[in-house]
Amino acid sequence: MNRLSKESAPYLKHAADQKIDWYPWSEEAFDKARRENRPLFLSSGAVWCHWCHVMAEECFFDDDIARLLNENFVSIKLDRDERPDVDRRYQLAVAAMGSGGGWPLSVFMTPDGRPFFGGTYFPPEDRMGRPGFNKVLRAVLELYQTKRDDITQYTDKLMASLKNPHPRAGEIGESLLAEGMTNILSEFDPQNGGFGIAPKFPMPGALEFLMNRHFLTWDGPAGYAVSKTLEAMASGGFYDQLGGGFHRYSTDKSWIIPHFEKMADDNAWLLRNYLNAYSIFGDRLFREVAEGTFCFVRAVLSDPEGGFYASQDADVVPGDEGGYFTWTDEDFRKGLSEYEYRILSLHLIDEAGAMLHDGSKRVLYPAMTAREIAEKTGGDAAEIASIIKGGKEKLTAERNRRQSPFIDRTFYTSINGMMISVFLLGHRRLGDIALRDFALKSLERIMKLRLSGDRLCHAGGVKALLDDYAYLVDALIAAYEATGDKTFLQDAEKLAGICIEKLWDKDEGGFFDSEDHVLEMKIKGIEDIPHPSANALCVILLLKLYCVTGNNGYRQYAEKSLKAFSPRAGALGIHAGYYFCALDAYFNSLSLTLHTPPTGPLAETALFAYHPYVSIAYGEDRGCVIPCVRDVCYEPVSEPEKLREFLDKERDHGKIRRA
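Residues numbered from 1 in each chain as written. Predicted model: local features only at pLDDT ≥ 70, side-chain atom pairs only at ≥ 80, totals over all residues. Heavy atoms only, no water.

1. Considerations on the packing of aromatic side chains
Here comes step 1: Evaluation of the coordinates by the stated rule reveals 43 aromatic pairs.
Here comes step 2: Ring geometry for Phe41 versus Phe133: centroids 5.4 Å apart, planes at 50°, classification tilted. Taken as a pair, Phe41 in strand β2 (residues 40-45) and Phe133 in helix α6 (residues 133-146) lie far apart in primary sequence, 92 residues in all. Residue Phe41 shares its accessibility class with Phe133, and that shared class is buried. (Phe/Tyr/Trp six-rings, centres within 6.5 Å; stacked < 30°, edge-to-face > 60°. Helix = DSSP H or I, 4+ residues; strand = E, 2+ residues; numbered from the N terminus. Buried < 20%, exposed > 50% of the residue type's maximum accessible area, 1.4 Å probe, protein only.)

2. Some points on unusual backbone geometry
Here comes step 1: Here the residue pair Trp103 and Pro104 is connected by a cis peptide bond, since its omega of 0° sits within 30 degrees of zero.
Here comes step 2: Along the polypeptide, Pro104 turns up in the loop between α5 (84-96) and β4 (105-109).
Here comes step 3: Cis geometry marks the peptide bond from Ile529 to Pro530; its omega dihedral reads -15°.
Here comes step 4: In this fold, Pro530 is placed in the loop between α20 (486-503) and α21 (534-549).
Here comes step 5: Residues other than glycine seldom take positive phi values, yet Met128 does so here, at roughly 55°.
Here comes step 6: Judged by its relative accessible area of 55%, Met128 falls in the exposed class.
Here comes step 7: Even without a glycine there, the phi angle at Glu520 is positive, about 60°.
Here comes step 8: Inspection of the secondary structure assignment puts Glu520 in the loop between α20 and α21.

3. Overview of the packing of α21 against helix α22 (residues 552-569)
Two measures define how a pair of helices packs: the angle their axes make with one another and the distance between the axes.
Here comes step 1: Orientation of α21 relative to α22, taken along the N-to-C sense of each, is 155°, at an axis distance of 7 Å. If you check the angle between α21 and α22, you find them roughly antiparallel. The crossing of α21 and α22 is left-handed. Contacts between α21 and α22 pair Asn535, Val539, Leu542, Leu543, Leu545, Tyr546 and Thr549 from the former with Asn552, Tyr554, Arg555, Tyr557, Ala558, Ser561, Leu562 and Phe565 from the latter.
Here comes step 2: Among the residues making up the contact of α21 with α22, the classes are represented as ten nonpolar, four polar and one charged. (Axes fitted to C-alpha atoms, helices over the stretch in contact; angles between N-to-C directions. Parallel < 35°, antiparallel > 145°, perpendicular 65-115°, else oblique. Left-handed = near helix turned anticlockwise from the far one by under 90°. Contact = heavy atoms within 4.5 Å. Nonpolar A, V, L, I, M, F, W, Y, C, P; charged D, E, K, R; others polar.)

Next comes the structure, spelled out in structure tokens:
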């Protein structure tokens, strides 16, 4: 056992029995490297990462590799979920070297932490066009021992290139919304849904923006891109057809073969997409997918006492990619009658779902519908649909008997904020009180666990990052809107104030990602990579706080942030989707002040009605709701039906403006 056995992060604990003399990210490691004049080796990854496990199995248990590392390097193991700020900076450095990025990230550094060589996965010996790690270690060691001056010059240039100043602030206007939509739609894949080519990541910020534009302007292409993408993702192996929930990304253009890890943050954002799409389009499929994903999260990624876990691993063993989720023909037959097997095979088994590393295993996806099977077999479509439903339940039970992948039960503040917010949204979109109650229970637990006085933590002992502040404030505002309890609003304002104090760029606007600038790199991002930018979410939250409290300072922060990022956003395409949501919210907000109890029919009408940029505030009980659109407030509304009519009329204005 090495010193990682004392760490709390599961990814680090998993490395405790490897032959490498690992250090966690710590001053102790850097002190040793400086004292002994050794290069540092940083291995950054995550417990859910397939290739991290593969490299560990192949390299970090190898005697020769262990000897080379232990005798000549100081080795650091980093959990990128625990320290995303550190990982992000070294990802940028390795990308600047021309070596791409991803996990596992393998970086060689000088004793002061400056990177001079890096890559991702290395096999133990030359393979797949990649140099063997044994060879890499020897080459890096020789370079460090013989060309130290060259390394110094290289790292000076590299670090200078990574510290380029941010563009000067620009102007904002509603015309930018149309430009952003055009740029995003230019990357849409009309045949398969989604954006770009394989591998395909869901881009929830881009989807949310297009959906909102469709709602506000009745734009047909935007609406089609959203519905096509959501249908395609739900109809492939990217969505778990048995257990619910989404995998991390699709390795192919058609959303059939996923990378199998299931991330809480991905599922939180996709839940938001499907819930809002159900409200806009009324498609039953979108509701069913949202309900299935909530079931997965409650069953696998939730603590019964409240709170949400981080992820479910891709694999049970490193050599069997997606083994838990895939099926051989023999496995598929178990528990099914011959007729059920025939129908379920037509429905879920297709050559396109064959795994590349083992063609006998299939990813299940609905290759044929019940109606198509009925046409092919001459059967009754309703009967076949019933057989499919029952057969999938049997297959699920069979899969549940397998050894399941590892679950990272760490409570990250940011992830919990995301899930709490979307569970409260689920209550508003689906009318499910259980979702609201579990969200409030989870919020109470995470506040006690991660907030002490004015100190918020990302995880145990790790300072909060921008994502933690943003998503926890989002959860608190959502809780206030759902309950009318002003304690939630007060806590949201308190945390927003701390975030502004610690992370706001006082010179140019926008928020830095962390207090501690590793490598002296101040990162202030607006990109969705791939889940939406925390800076963009901060704008939306500041606008909500302005609408609820009337404090114009919040609006000024939001406006300055939008201007700070506007020159950069235009060139980011799908990666600026949530920035454009924030810009859209700035121009097209709806504020509803509820002078009525939060549990009455009038309040429920306000809470359950859909608008993409709505803020809910509570006032004294006068039996009415005061709606304000942009900066114009209207007559109080006292009847639920009249409020629905008002909101429907507001959407029709978008149709008129488009015409």
